[in-house]
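Observations on the model geometry
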Amino acid sequence: MCHNFHSRGNVRSWQAFFLCLTICTFRCRTLYFYFAINSLSHDVQFGDILIVTAAEMADGVSHWYLPDQQTVQSDRELIETAINFCEDRGYSYVTGTVFTTGAIMVETSEMVQKWAKSGHIGVDMETATTLAVARKFNKKAIGLLNLSDHIIKRDTFYSPNKRRDEIKEKTDEKIRELALYLSRL
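Residues numbered from 1 in each chain as written. Predicted model: local features only at pLDDT ≥ 70, side-chain atom pairs only at ≥ 80, totals over all residues. Heavy atoms only, no water.

**Section: the pairing of strand 4 (residues 49-58)**
Applicable threshold: With a 1.4 Å probe rolled over the protein chains alone, any residue whose accessible area is under 20% of its type maximum counts as buried; one over 50% counts as exposed, and the rest are partly exposed. Here a helix means four or more residues in a row that DSSP labels H or I, a strand means two or more in a row labelled E, and each is numbered from the N terminus. Strand pairing requires that DSSP identify at least two bridges connecting the strands.
Where burial is concerned, most of strand 4 is hidden: eight out of the ten residues are buried. Two strands pair when backbone bridges link them, and strand 4 and strand 6 (residues 93-101) are joined in this way by nine bridges, in the parallel orientation. Opposite L50, over in strand 6, you have V94 as the bridge partner. Direction of pairing for strand 4 relative to strand 8 (residues 140-149): antiparallel, over a ladder of three bridges. Pairing of I51 across the sheet is with L144, part of strand 8. Here strand 4 pairs with strand 5 (residues 71-73) via three bridges, running antiparallel. Its bridge partner lying in strand 5, A55 is registered against V72.

In structure tokens form, the structure reads like this:
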């Protein structure tokens, strides 16, 4: 029997759904996942661990599991534990909400500004789906995200940067360490 599960990768909403559904049927109690995210905040820096508190559900999948909701929350206890872990180790982190979309690379400047003005720290394609499926099956879940692009500053993977890539790799290691710690709770 699976008690905890953590995932990392470049998946999209429908893939996140299948992954979560499979894991939930194996009776996992908790889902920890980490994906890449595009930043919508000038306050988020490469090297920060983004601890998701909630996700706006605009992905086209999550609303099927939570039809009367616009947002889905991460587990409060997991959020607090993740924050304490980062503070104890001196890891840089940011908490906040993300906007989960179902489409990749179609965002306009106006859309990005709207999401940022709504207070979201990032935009992705997986978080709301993963949290919604976990919530539907009464599982704890949290998103731990690593900044891949800073679209609010127009710093994207289209502009190669070796130093940024090194920072992202080190942040991935920290996120894996945090996910493993959370899995032992």
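Having seen it, we continue.
**Notes on the environment of Y91**
Short version of the rule: In this analysis, two residues are considered to be in contact whenever any of their non-hydrogen atoms come within 4.5 Å of each other. Each polar contact in these results corresponds to two N or O atoms within 3.5 Å; when the atoms are within protein, one needs to be able to donate a hydrogen and the other to accept it, and residues that are neighboring in sequence are counted only if both atoms are side-chain atoms.
Mapping Y91 onto the fold places it in the loop between helix 2 (76-89) and strand 6. Accessibility expressed as a relative area gives 15% for Y91, which makes it buried. Here the alpha-carbon distance between Y91 and D48, two residues 43 residues apart in the chain, equals 7.6 Å. Other than its neighbours up to four places away in sequence, Y91 contacts I49, F85, C86, K174 and E177. Looking at Y91, its side chain comes within polar contact range of the side chain of E177, at 2.5 Å.

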